[in-house]
Amino acid sequence: MEEGRFVAWLRKDGDLVPEGEPLFTVEGDKATQDVEALSAGVLRIAADGPAEGDTIEVGRVLGWILAPGESIPTTGPAGTGATAAASSATAPTAPTAPTAPTDGLTTDAPSESPARAPSSPGPSERPPASPRARRAARQHGIDLATLSPTGRGGRLRERDVLTAATGRADPGEIPGAPQGWTSVPTPPMRRIIAARLVQARRETVPVTLTARADATALMALRRHLKSEAAPGESAPTLNDLLLKLTAEALSLHPMIAAVWAEDRLLLPRSIHLGLAVDTEAGLRVPVVRDVGTSTLEEIAAATRRLIAEARSGRIAPADLQGGCFTLTNLGSLGIEAFTPVPNPPESAILGVGTIVRDVVALEDGGFVARERLTLSLTFDHRVNDGAAAARFLQSLRGLIENPPFPIP
Amino acid sequence: MTDADRTSPLALYRTMLVIRRVEERLARSHRLGLIHGACHTCVGQEAIAAAVCAHLGPDDPIFSTHRGHGHALAKGVDPGAMVAELYGRETGCSRGRGGSMHLFAPEVGLMGTSGIVGPCILQAAGAGYSSLVLGDQRVSVAFFGDGAVNNGAFHEGLNMASIWRLPVLFVCENNQFATEVPFASVTGNPGVAERGAAYGLPSVSLDGNDALAVEAAVREAVARARSGGGPTLLECRTYRTRAHAEGMGDFTYRTRAEVDAWKERCPIARLRAVLLDRRLADETGLVALEHEVEALAEAAHASAEAAAAPAPEGATTHVVAGPRPGPPREAPGTGPGTRELPFARATLEALSTSMSQDPRIFVLGEGIGARGGNFATTNGLFAAHGPVRLRDTPICERGFVGLACGAAMTGTRPVVDFMFADFVLDAAGEIINQIAKMRYMSSGRLGMPVVLRGCIGIGHSAATHHSGSYYSMYAHFPGLKVVVPSTPRDAKGLLRTALTGDDPVLFLEHRELMGLKGPVPEEDYSIDFGKASVVRPGRDITVVALALMVHRTLEACRVLEAEGISVELIDPRTVAPLDVGTILDSVARTGRLLIVDEDFAHCGIGAEIAARLAEHGFDDLDAPIRRLNGSPSPTPYSPSLEAAVVPDVRGIASAIRDLCAE
């Protein structure tokens, strides 16, 4: 991770904060994370500290934790002179990478000098910058000293300036948009989604099978569970039921959850299932742990928490990792069948379509109305053949049509 | 005035008197500070210039030395224009560009006086070659001193003139001092005329202070030359009675007594006595003539002194020909007539077309005649155009390049095919001091359409005398154009431009590309110099490469494309003029510049491009400019050593990757 979006300060300038207290929230590539104070002290926010929504680079100094009575350091680069010259309690506060903490505080690139306060700029503190970066900085009105260099030897490059500029400028102000178009910065989340999808498309051989399942019994169960729920409590959802049934089917067909690793296949020891969640910031896939050994209630509690956290953008990175198979449901949007893309490194994904009421012909020539849904299974043909995938779907369909849950 | 009038003793007397009076006036002006640079007089030697030039018409070119006032005046240069040149005035015969040592008046056949001893001999031979090609019976003359006869140009020039029976007079003014070194002390055989026998040409030794004896010998030599009898060497023994140059001491290397003795043998006084003795003139008439000439010299001084100094704005005009009118020229796109041709066949098409269209074009080189060239550069042309226009030369690069210079000065368009660029370093002085500077020295009155072509580049274990690049060296000198094509298509169009232009062109062909095949349009086309080719558009980095390096870089680009690095590759095609604009435009987009150059880095084309980018495109740079060059060493022979001194595909790819990471 090189940058993140600053969400908010959780404490005010001047607050006395204990060690471990969350200081601010930052949105990274995959998740949003609170950054905690590494030592107790007084929070001093930098005069040009980030505003909500600003893009901030890893290594940028946002503020300081000072010992009582200590003042903001005025010389030396962050992490070196500043720390050394000030008391031991002084520590520059820089954004860390939520998914890779080692990227964070220990930046190896020269970062902003605390002395870059407007009152005391000094030429010697300017980081080296390419001429092109300097010109871009002039054009965008950006102070080079606020940037984190990505060039060799700590040199600021044009891309460093443009990254900062796109984080601050109004949409459409990014230079280089073709005539007749306005451009908006690509959000980090979108870039991650794109990269993972392209990777999946490039490296796998996806095949999608669809099958219709009679969901009448399952829907009856769902209605029953709803009616049983205590007032104010929520019952397990259709997705919870399907997660449980999918785990059952995967226990019968473990190869469907296998992961391709060139000379070997990796089979999961536990069934952790991803659940695709549509959020304002885009698609997120939190992982429900140990679905195979969890009760329906435990699954429901887990999905409730994960969906809420994903939608609020506060989900922990750990909750986004470790799945072996994913379930994605576009039924609420009226979609019947589709071709979902597996979430790497997983090799298969199940798409669930909308429940439709179908007229079904009976053996005796009569007709009956049934609730049915379409299952769309995309699997990596490197890992499984079509027949194996079809057998998995067949088992899953049987489980849906005859749910093995005890109905009180 | 009839020919008889011009060669009469009285006419010679007048010419000699003009030379003497004007030079005496110049000597006074030098003491007055009117002459800014050197002033070499020929006082005491006037009979030779007067007698030789009396037999020449304005179309007969002469080539002279640093001691050339007498030749200029005898050939018909206006004394006022000559004096003005020494005074550095706009009305000077070289428009203030030359001074005493670079007097030019091609309109009367004065093809220049020179500060370098020797080249005038080769240039006169070249003028003789022009006569041969054009069949116009002009006779050319080289004036030179005894100092020049120990120079290679003398031997190479006399030999070539003799082989090809060129209509040339080689006039040695043996004044016994090579500048200030006694000739006798620096020569094994003081008999200059005897040297003619070594090359099989008629030679005469004359009393150079006897105007009538010189006149008679010249009469015979000119007649022989005009009638196809070939060249003559005339040794005219004489003595200059003033110092080597005005203001210099004269008695450190010779004695006053010796000088005084020679003053007693003054050629002017001697002819005056003859005129009176033979009653060809009377005292009254001669005195009147002497007054008239005295007044003429004073008038020349007065007009020169009154003339304006040249405007400084014009100081760099006439370095090369002016821009060609008309729309830009580029190779046509691929059409039905496009064939896959090897590089050497593509250039042969351009040369063949040009030779058919322009009878002034001829080719000089070793093995370019019936053999068709070491690299088949003239294959089949000998049969079509014959030995005069496809001339196999002795192995004397300096000689035939100097000859080409004189030919270009006198109306033909020589192509020198020197096989390998290394060989022509022997002729560097002729190229750099003469060919490159001639248009300027003549204030734009002499175009210099000379094409100098040959192979450059490392490969085939050719080792260090067949592998240099040299383009950066030539591009350093104003007046030269330097072309380094990388494809058969470009080579054909660029050679066509070279063959139809009016400036000297170094056309350097990479040895490893001579067999390279590529699409070449069948039709006739030209490609303008100074327009780079964008070989391959790209996004992340600009790479500039020439010749073989274009192809190696292209290969590297393919490797890098798979890694997501998009390279824009630019081939300048001509090193002089250099299309910096296209490179600037490219770097404005990519922010990164690498120059891949087989030649040495130090003071090379890469350094020039880098400097121009730093000057004009500094703000576009997002990373340091990088160069990847051949190693700074002579070229080794062994394949393993040879490969180690040239950038290869892997090295190029690695340099590009590295710069992209900056």
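Residues numbered from 1 in each chain as written. Chains lettered and ligands numbered in written order. Predicted model: local features only at pLDDT ≥ 70, side-chain atom pairs only at ≥ 80, totals over all residues. Heavy atoms only, no water.

Visitor: Please explain the overall build of chain B as it appears in this structure.
Guide: When helices and strands are tallied, chain B shows 23 helices and 21 strands. In terms of C-alpha radius of gyration, chain B reaches 28 Å, essentially the compact-globule figure of 26 Å for 662 residues. Overall, chain B is about 95 × 55 × 50 Å in size when its C-alpha atoms are taken along their principal axes. By the burial criterion, 59% of the 662 residues in chain B qualify as buried. The contacts of chain B with a sequence gap of at least 6 include a subset with a gap of at least 24, amounting to 81%. (Helix = DSSP H or I, 4+ residues; strand = E, 2+ residues; numbered from the N terminus. Rg over C-alpha atoms; globule rule 2.2 N^0.38 Å. Buried < 20%, exposed > 50% of the residue type's maximum accessible area, 1.4 Å probe, protein only. Contact = heavy atoms within 4.5 Å.)

Visitor: How do you make sense of the sheet that holds strand β17 (residues 541–545) of chain B when you look at a structure like this?
Guide: Adjacent strands of a sheet pair through backbone hydrogen bonds, lying either parallel or antiparallel. Residue and element names in this part refer to chain B. One open sheet holds the 5 strands; their spatial order is β16-β18-β17-β20-β21, and the pairing between them is mixed. Lying at the two open borders of the sheet, with one neighbouring strand each, are β16 (533–536) and β21 (626–629). Neighbouring strand axes in the sheet, compared pairwise and without regard to direction, differ in orientation by 25° on average. Here β16 pairs with strand β18 (residues 567–571) via 3 bridges, running antiparallel. Opposite serine 533, over in β18, you have aspartate 571 as the bridge partner. The sheet contacts of helix α21 (residues 605–616) involve β17, β20 (593–597) and β21, and relative to β20 the element is tilted by about 165°. (Pairing = 2+ DSSP bridges. Axes fitted to C-alpha atoms, helices over the stretch in contact; angles between N-to-C directions.)

Visitor: When you look at the environment of B:Val43 in this model, what are you seeing that I'm missing?
Guide: Residues and elements named next belong to chain B. Looking at the secondary structure, you find valine 43 in the loop between α2 (9–31) and α3 (46–53). A relative accessible area of 7% means that valine 43 is categorised as buried. Considering only alpha carbons, one finds valine 43 and arginine 242, 199 residues apart in sequence, at a separation of 6.2 Å. Once residues within four sequence positions are removed from consideration, valine 43 is found in contact with Arg20, Glu23, Tyr239, Arg240, Thr241 and Arg242.

Visitor: How do you make sense of the pairing of strand β14 (residues 505–510) of chain B when you look at a structure like this?
Guide: When a strand is regular, its side chains alternate between the sheet's two faces. Residue and element names in this part refer to chain B. Of all 6 residues in β14, 6 are buried, a share of seventy percent or more. Across 6 bridges, the pairing between strand β12 (residues 451–456) and β14 is parallel. Its bridge partner being in β14, isoleucine 456 is matched across the sheet by histidine 510. In the sheet, strand β13 (residues 481–483) pairs with β14 via 3 bridges, with the strands oriented parallel. Along β14, the bridge assignment pairs valine 482 with leucine 506.

Visitor: Even after reading the chapter, I still don't get the packing of aromatic side chains, so can you show me in this structure?
Guide: The description of two aromatic rings rests on the distance between their centres and on the angle between their planes. All names here are of chain B. In total, this model carries 12 aromatic pairs over all chains according to the counting rule given. Between the aromatic rings of phenylalanine 177 and tyrosine 253, the centroid separation amounts to 5.2 Å while the plane-to-plane angle is 75°, which identifies the pairing as edge-to-face. Residue phenylalanine 177 is located in strand β4 (residues 177–178), and its partner tyrosine 253 is located in the loop between β7 (232–237) and α10 (256–263); the two are separated by 76 residues in the primary sequence. An aromatic cluster is built from Phe177, Tyr239, Tyr253 and Trp262, whose rings are joined through pairwise contacts. The positively charged end of arginine 254 is found above the aromatic ring belonging to phenylalanine 177, 5.5 Å away from the centroid. The residue whose ring lies beneath arginine 265 is tryptophan 262, and the NZ or CZ to ring-centre distance is 3.7 Å. (Phe/Tyr/Trp six-rings, centres within 6.5 Å; stacked < 30°, edge-to-face > 60°. Lys NZ or Arg CZ within 6 Å of the ring centre and 35° of its normal.)

Visitor: Would you explain the domain arrangement of chain B in this entry?
Guide: Reports often express the size of an interface as the amount of accessible area lost when the parts come together. Residue and element names in this part refer to chain B. Segmentation of chain B into domains returns domain 1 (39–76 + 102–279), domain 2 (342–520) and domain 3 (533–660). The distance between the C-alpha centroids of domain 2 and domain 3 comes to 26 Å. In total, about 2,000 Å² of surface goes out of reach between domain 2 and domain 3, with carbon and sulfur atoms giving 58% of it. Across the contact surface, domain 2 and domain 3 share 1 salt bridge. Between aspartate 490 and arginine 573 there is a salt bridge whose closest N-O contact spans 3.1 Å. Linking domain 2 to domain 3 there are 14 residue pairs in polar contact (both at pLDDT 80 or more). Elements that contribute at least two residues to the side of domain 2 that touches domain 3 include exactly α17 (471–475), β13 and α18 (488–500). Among the residues making up the side of domain 2 that touches domain 3, the classes are represented as 14 nonpolar, 11 polar and 3 charged. (Domains from an automatic or database assignment. Buried area = accessible area lost by both parts, 1.4 Å probe. Salt bridge = Lys/Arg side-chain N within 4 Å of Asp/Glu carboxyl O. Polar contact = N/O pair within 3.5 Å; in protein donor to acceptor, adjacent residues only side chain to side chain. Nonpolar A, V, L, I, M, F, W, Y, C, P; charged D, E, K, R; others polar.)

Visitor: Would you take a moment to explain the layout of surface pockets for this structure?
Guide: Over the atoms a probe the size of a water molecule is rolled, and this reveals where empty space is left. All names here are of chain A. By volume, the second largest pocket is sized at about 640 Å³. If you trace the second largest pocket, you find 27 residues lining it, with Arg196, Leu283, Arg284, Val285 and Asn343 closest to the centre. At the level of secondary structure, the elements contributing two or more residues to the lining of the second largest pocket comprise α4 (188–203), β14 (282–284) and β16 (325–329). Among the elements that take part in the lining of the second largest pocket, α4 stands out by supplying 6 residues, more than any other. Here the residues of the lining of the second largest pocket are counted per class, giving 16 nonpolar, 6 polar and 5 charged. (1 Å grid on protein atoms, 1.4 Å probe; cavity = no way out; pocket = protein on both sides within 12 Å on 5 of 7 lines; lining within 4 Å. Points joined across faces, edges and corners; volume = space filled by probe spheres on them.)

Visitor: Just to check I follow, could you spell out unusual backbone geometry for this structure?
Guide: Glycine aside, the phi torsion of most residues is negative, and most peptide linkages are trans. Residue A:Pro344 is joined to A:Pro345 through a cis peptide bond whose omega torsion reads 5°. Structurally, A:Pro345 is set in the loop between β16 and β17 (348–352). For the peptide bond that leads from B:Ala576 to B:Pro577, omega is 0°, which places it in the cis range. Positioned with a positive phi, B:Thr179 is a non-glycine residue whose angle comes to about 50°. By the secondary structure assignment, B:Thr179 is in the loop between β4 and β5 (181–182). On the basis of relative accessible area, B:Thr179 is assigned to the partly exposed category, the value being 39%. Although it is not a glycine, B:Ser443 adopts a positive phi angle of roughly 45°. Mapped onto the fold, B:Ser443 is located in the loop between α16 (428–441) and β12.

Visitor: When you look at the packing of α2(B) against helix α11 (residues 267–277) of chain B in this model, what are you seeing that I'm missing?
Guide: Two numbers describe a pair of packed helices, the interaxial angle and the distance between the axes. Residues and elements named next belong to chain B. Where α2 contacts α11, the axes come no closer than 10 Å and their chain directions differ by 150°. Of the possible angle classes, the one that applies to α2 and α11 is roughly antiparallel. The interaxial crossing formed by α2 with α11 has left-handed handedness. Residues Pro9, Leu10, Leu12, Tyr13, Met16, Leu17 and Arg20 of α2 lie in contact with α11, whose contacting residues are Pro267, Ile268, Leu271, Arg272 and Leu275. By residue class, the composition of the contact of α2 with α11 is 10 nonpolar, no polar and 2 charged. (Parallel < 35°, antiparallel > 145°, perpendicular 65-115°, else oblique. Left-handed = near helix turned anticlockwise from the far one by under 90°.)

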